[in-house]
Amino acid sequence: MNSGGGLAVQPQQAPGLVPASAWLRRMPQFTLAVFLVPIGAGLLGTALPAFGWLPGVASGRWTLAPWRALWAQPGIGTAIGLTLTSGLSATVLAVLLVFGWCAQRSQRSPGRLVRGVMGPILAAPHAAMAIGVGFLLAPSGWIVRLLSPWLTGWHQPPDIATVQDPHGIALTVGLLVKEIPYLLLMSASALGQVPVQRQLDAAAALGYGRTAAWFKLVLPQIYPQLRLPIYAVLAYALSVVDMALILGPGNPPTLSVLALRWFSSPHVRMYFPAAAAALLQFGIVAASIALWRGGEVLVARLARRWIARGARHSVLEPLAALGRGIVVVLALLGAASLLALAVWSAASGWRFPDLLPQRWSAAAWHQQAATVLWPLGTTLLVAAAASAAALLLVLGCLEAEQRSGAPGRSRSLWLLYVPLLVPQIAFLFGTQVLFTAMRLDGTLLAVIWSHLLFVLPYVFLSLADPWRALDPRYARTALALGASPGRVFLRIKLPLLLRAVLVAAAVGVAVSVDQYLPTIFAGAGRVVTLTTEAVTLASGGDRRVTGVFAVLQSALPLVGYGLAVLVPRLQRRALRIRSAS
Amino acid sequence: MSDAALRLEQVSIALDGRVLIPPLTEQILPGTVLTLMGPSGSGKSTLLSFLGGTLRGPFRTAGRIWVGSREVSTVAAEQRRIGTLFQDDLLFPHLTVGENLAFGLARAVRGRSARAARITAVLAHAGLEGFASRDPATLSGGQRARVALLRLLLAEPQVLLLDEPFNKLDAALRAEFRRFVFEHAAAAALPVLLVTHDRADAEAAAGTVLEFRTDAMGTVFIERTSPEQSESAASAPGVESVREGGG
């Protein structure tokens, strides 16, 4: 395990450190296995049927028949084109808009808008956000209502496909709304590590305005830290399933939705073109990331010349201002989408072009109370179990790393990002085959494990920095006082880092609640969560009922983050009260 | 190159009702140095930020700033043509030495070969031949400081502000870099405002010295020493103080 770093441990002991027990030392390898083995096996198990090999169904002969079947599907070319245009345009636009925003305002604090509006958008599950964006953009949605009839003259919802449009524009908008806050958060943390203001001042002394200086000086320095998050957004946007089901066109849909459709088919023979489509999806993502990397090299080369030309004025200035404006509009769109979910869930009678329901009612909530309970419980159970497992593994890895004295290396980040870079559709079928072989398919355990694949990286990314930043002298002092390493961990490190641990747990819950495809595959359709229900209802269900499920789905991560902030605060207050008495 | 003087007209700065800089009226002629001395926290650097146009925060400022016949008090920092050399060299780590200089080099020098030639010449003149393709991180502190000054001068400022740029260098390098800065500033005939808390810097500058002092009541006042006086001061202690304000 040489490439490990963050997760791996060097064998030699740094002097003065306490040796880790054997199981703790193996923790990093175990953790890697927990999430890399199912993905590796899953990729293999998806790739083999693409060439005609599926245990128990067909075997022994390599064939390209699945690919011929794939090409014979009607609309396959359109589906691929749609995948590429929506995924690439959403990523390129999101990245450029975020850069524009940062160039116009690159103080370390991301500002009130980011904290107040972007937070809930960031926390909201993709499916709920897509449903909300749909409510907003639909022909009978809030935007059309806002403009009708005074501007449009419409007294009936127009017969225009404003969502599920054939060009995937609604899907692109939905992706933008959801991915921009994520990239802003990543940018804010990268900007915190560069003396931005001093460099901009130095550039001002050389005659450069803020925007030009930001693009020429700050961006090249923070980009390396944004690379993996951007690739993750790119991979996600190209292969997203739940948002594409809700906002994307139905016939043909994007490639990953096609693959899911065929994987869900009652006819086993459809698994073969499905596997080919899944593998093609993998290829598209891999090629897009490679293309992006090539683009980076090219842009970097051109940028060096551009910087050396010494131009003080730049056309980027108005463009960045425009970008900043668009970010604000998209943030408001996201906030309005979440609000629309709540309004629909409490609406009773809402005539077209009225801006608000004529009557409000909790009827939908009452009627759904019984139906909602079981998926809600399942969602909570899976989220809690996956987050708890992820926390245990991550804490074990970090503790093993500290006891061995081997600092985390950035190369290991790539391993952590594997589940975020490989399209879910490209390996979940194979993982399900693995679960079936282990007689786990359709069980809660399988669902929890499949969620863990995605929860784990985010929990690690969230917890690693604060954990590594803790002043090591606290632990050394406690050790010097005779406490065992285990006691130091439980009584010193965990309490000191309680807030970070709880935030990481909340991140884990949010990621788990977000998962649609893993629940569908690992649950074999038998495990129903709020997310799977919301996506199912979104296609033509009652908006009030859909609203109930989507509101609950969005509320869970928010409650999680709220508790993560509140609990340490209450604890500190209790300490103060005890000290006062 | 430039023959514009830097003029401050009743420039003052306060923070939370406390006077940092009492009203200050000064003229710095091209090719001369005015030195501001005072303990840290006395607001010297704040004054430079205000002159450079990069002052942020809850400061209350007043007064007018002139570069030659241009009033720049309300002009954006990047358009004032006032160059500041900071305590840190702030060489941009993602660019080579040559690219750092090219970033600074005024747009008036056009064409890749012309710009490259200019940078090669400037580096050679500064005793840094062949450094254009080097990574700034591989340079010594003294070399980095020199590149930072060259970068600033290539932008063709009309005024040079020195914000304790010698502070982080060790004694030997310090004198050498000081000489380097003053020679270049004199060659470009720039008015120079130097902020320091090291008397040796002030002596090397050989110009008027303004010293920030606080009286027993906590009121900030400024003691002014012109070069002739400073020579006599060396023989006989007791400098004549000129109250320039205070509040």
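All of these numbers come straight from a predicted model, not from anything done at the bench.

Trainee: Which parts of the structure should I look at to understand the overall build of chain A?
Mentor: Within chain A, the regular secondary structure consists of 24 helices and 2 strands. Taking 25 Å as the expected radius of gyration for a compact globule of 581 residues, we find that chain A reaches 25 Å, a close match to that expectation. Split into buried and exposed, the 581 residues of chain A put 50% on the buried side. In chain A, 81% of the contacts between residues at least 6 apart in sequence involve partners at least 24 apart.

Trainee: Please clarify how the overall build of chain B should be interpreted in this entry.
Mentor: Each helix and strand counted, chain B has 7 helices and 10 strands in total. A globule of 247 residues ought to have a C-alpha radius of gyration of about 18 Å, and chain B, at 19 Å, matches this closely. Dimensions of chain B, computed from the C-alpha atoms along their principal axes, are close to 60 × 40 × 30 Å. Considering chain B as a whole, with its 247 residues, one finds that 42% of them fall into the buried category. Looking at chain B alone, contacts between residues at least 24 apart form 66% of all its contacts between residues at least 6 apart.

Trainee: Help me out: how do you make sense of the confidence of the model for chain B in this one?
Mentor: Residues and elements named next belong to chain B. When pLDDT is averaged along chain B, the result is 87; 91% of the residues meet or exceed 70. When mean pLDDT is taken per element in chain B, helix α2 (residues 97-104) scores highest with 96 and helix α7 (residues 227-235) scores lowest with 53. The model gives residues 231-247 a pLDDT under 50, and that stretch makes 22 contacts with residues more than four places away or in other chains. Here the predicted complex carries an ipTM of 0.84, next to a pTM of 0.89.

Trainee: Just to check I follow, could you spell out the interface of chain A and chain B for this structure?
Mentor: Many descriptions give the size of an interface as the accessible area lost when the pieces come together. Between chain A and chain B, the contact holds 20 residues from the first and 25 residues from the second. Every element with two or more residues in the side of chain A that touches chain B is listed here: α9 (196-205), α10 (210-239) and α13 (271-309) of chain A. It is α9 of chain A that provides the largest number of residues to the side of chain A that touches chain B, a total of 6 residues. Taken together, the residues of the side of chain A that touches chain B sort by class into 10 nonpolar, 5 polar and 5 charged.

Trainee: What should I look at first to understand the pairing of strand β7 (residues 159-163) of chain B in this one?
Mentor: A regular strand places its side chains on the two faces of the sheet in alternate fashion. All names here are of chain B. Of all 5 residues in β7, 5 are buried; the element is thus mostly enclosed. Burial along β7 is two-sided: the residues Val-159, Leu-161 and Asp-163 and Leu-160 and Leu-162 are all buried. Sheet analysis places β7 next to strand β8 (residues 192-196), joined by 4 bridges and oriented parallel. Bridging across to β8, Leu-162 finds its partner in Leu-194. For the segment spanning β7, helix α5 (residues 171-187) and β8, crossover handedness is right-handed.

Trainee: How should the nonpolar core be read in this particular structure?
Mentor: Nonpolar side chains tend toward joint burial in soluble globular proteins. All names here are of chain A. With 243 residues, the main nonpolar core has Val-394 and Val-459 as its most contacted residues. Top element by residues in this core is α10. It accounts for 18 residues. The residues that make up this core include at least three from each of domain 1 (20-49 + 362-581) and domain 2 (64-361). Aside from chain neighbours lying at most four places away, what touches Val-394 is Leu-456, Val-459, Phe-460 and Leu-463.

Trainee: What should I look at first to understand the sheet that holds β7 of chain B in this one?
Mentor: Residue and element names in this part refer to chain B. Taken in spatial order, the 6 strands line up as β6-β7-β8-β3-β9-β10 in an open sheet, and their pairing is mixed. With one partner strand each, in any of the chains shown, β6 (82-85) and β10 (220-225) form the two edges of the open sheet. If you compare each strand with its neighbour and ignore which way they point, the axes differ by 20° on average. One ladder, built from 6 bridges, connects strand β9 (residues 208-214) with β10; its direction is antiparallel. Residue pairing for β10: Arg-213 is matched across the bridge by Phe-221.

Trainee: Got a minute to help me understand α13 of chain A in this structure?
Mentor: One full turn of an α-helix is made of 3.6 residues, so residues set three or four places apart face in the same direction. Across its 39 residues, α13 of chain A extends 56 Å between first and last C-alpha, which sits within 8% of the 57 Å expected from 1.5 Å per residue. Gly-310 of chain A sits one or two positions beyond α13 of chain A and adopts a positive phi of about 80°.

Trainee: Would you explain unusual backbone geometry in this entry?
Mentor: Trans is the prevailing form of peptide bonds, just as negative phi is the prevailing case for residues other than glycine. Residue Pro-149 of chain A is reached from Ser-148 of chain A by a cis peptide bond, and omega for that bond is -10°. Mapping Pro-149 of chain A onto the fold places it in the loop between α7 (142-147) and α8 (169-191). Residue Pro-252 of chain A follows Asn-251 of chain A across a cis peptide bond; omega there is 0°. As for its position among the elements, Pro-252 of chain A is in the loop between α11 (242-247) and α12 (255-263). Even without glycine at this site, Ala-524 of chain A takes up a positive phi of about 50°. With 17 C-beta atoms packed within 10 Å, Ala-524 of chain A lands in the partly exposed category. Positive phi values are uncommon outside glycine, yet Ala-189 of chain B reaches one of about 55°. As for its placement among the helices and strands, Ala-189 of chain B is situated in the loop between α5 and β8.

Trainee: Would you take a moment to explain the packing of α2 of chain B against helix α4 (residues 141-154) of chain B for this structure?
Mentor: How two helices sit against one another is set out by the angle between their axes and by the gap between those axes. All names here are of chain B. Relative orientation of the contacting elements α2 and α4 amounts to 30°, with a least axis distance of 7 Å. By the angle between their directions, the pair α2 and α4 is classed as roughly parallel. As α2 runs across α4, the sense of the crossing is right-handed. Across the interface between the two elements, Val-97, Asn-100, Leu-101 and Gly-104 of α2 pack against Val-147, Leu-150, Arg-151, Leu-152 and Leu-154 of α4. Among the residues forming the contact of α2 with α4, the class breakdown is 6 nonpolar, 2 polar and 1 charged.

Trainee: What am I meant to see in the environment of Gly-40 of chain A here?
Mentor: Take Gly-40 of chain A: it is sitting in helix α2 (residues 27-47). Residues Gly-40 of chain A and Gly-430 of chain A, 390 residues apart in the sequence, show an inter-C-alpha distance of 8.9 Å.

Trainee: How should I be thinking about the domain arrangement of chain A in this particular structure?
Mentor: All names here are of chain A. Each assigned domain of chain A is listed with its residue range as follows: domain 1 (20-49 + 362-581) and domain 2 (64-361). A straight line from the C-alpha centre of domain 1 to that of domain 2 covers 25 Å. The partner domain 2 presents 42 residues to the 39 residues of domain 1 that form the contact. When contributions to the side of domain 1 that touches domain 2 are tallied by element, the ones reaching two or more residues are α2, α15 (363-404), α16 (412-421), α21 (498-514), α23 (530-538) and α24 (543-580).

Trainee: Teacher, can you tell me more about the sheet that holds strand β2 (residues 18-28) of chain B here?
Mentor: Strand pairing in a sheet relies on backbone hydrogen bonds. The paired strands run either parallel or antiparallel. Across the sheet, 4 strands lie side by side as β2-β1-β4-β5 (chain B); this open sheet has antiparallel pairing. The sheet is open, and its two borders are formed by β2 and β5 (70-71) of chain B, each paired with just one other strand.

About the cut-offs
Chains are numbered independently. Their residues run from 1 in the order of the written sequence. Chain labels run from A onward and ligand labels from 1 onward, assigned in the order the entries are written. Predicted model: local features are reported for residues with pLDDT of at least 70 only, side-chain atom pairs are reported and counted for 80 or more only, and whole-chain, interface and lining totals are derived from all residues. Each helix is a run of DSSP H or I of at least 4 residues and each strand a run of E of at least 2, with the numbering of both proceeding from the N terminus. The quantity called the radius of gyration is restricted to C-alpha atoms. Its globule counterpart is 2.2 Å times the number of residues to the power 0.38. Comment: burial labels come from other C-beta atoms within 10 Å of the residue's own C-beta, placed from the backbone, where a count of 20 or more is buried, 12 or fewer is exposed, and between is partly exposed. Two residues qualify as being in contact provided that their C-beta atoms, derived from the backbone, are within 7 Å of each other. pLDDT gives the predictor's per-residue confidence on a scale running from 0 to 100. Residue classes follow a fixed rule: Ala, Val, Leu, Ile, Met, Phe, Trp, Tyr, Cys and Pro count as nonpolar, while Asp, Glu, Lys and Arg count as charged, and any other residue, Gly among them, counts as polar. Each pair of strands is called paired provided DSSP finds at least two bridges between the two strands. When the strands point away from the viewer and the path from the first strand over the helix to the second turns clockwise, the crossover is right-handed. The nonpolar core criterion groups buried Ala, Val, Leu, Ile, Met, Phe, Trp, Tyr and Cys residues into a set whenever they are joined through C-beta atoms within 7 Å. What fixes the domain bounds is an automatic or database domain assignment. Lines are fitted to the C-alpha atoms to define the axes, a helix being fitted only along its stretch in contact, and any angle between axes, read from their N-to-C directions, falls within 0 to 180 degrees. A helix is expected to reach a length of 1.5 Å times the quantity of its residues less one. Working rule for angles: under 35 degrees goes down as roughly parallel, over 145 as roughly antiparallel, 65 to 115 as roughly perpendicular, anything else as oblique. The sense of a crossing depends on the near helix, which, turned anticlockwise from the far helix by less than a right angle, makes the crossing left-handed and, turned clockwise, makes it right-handed.

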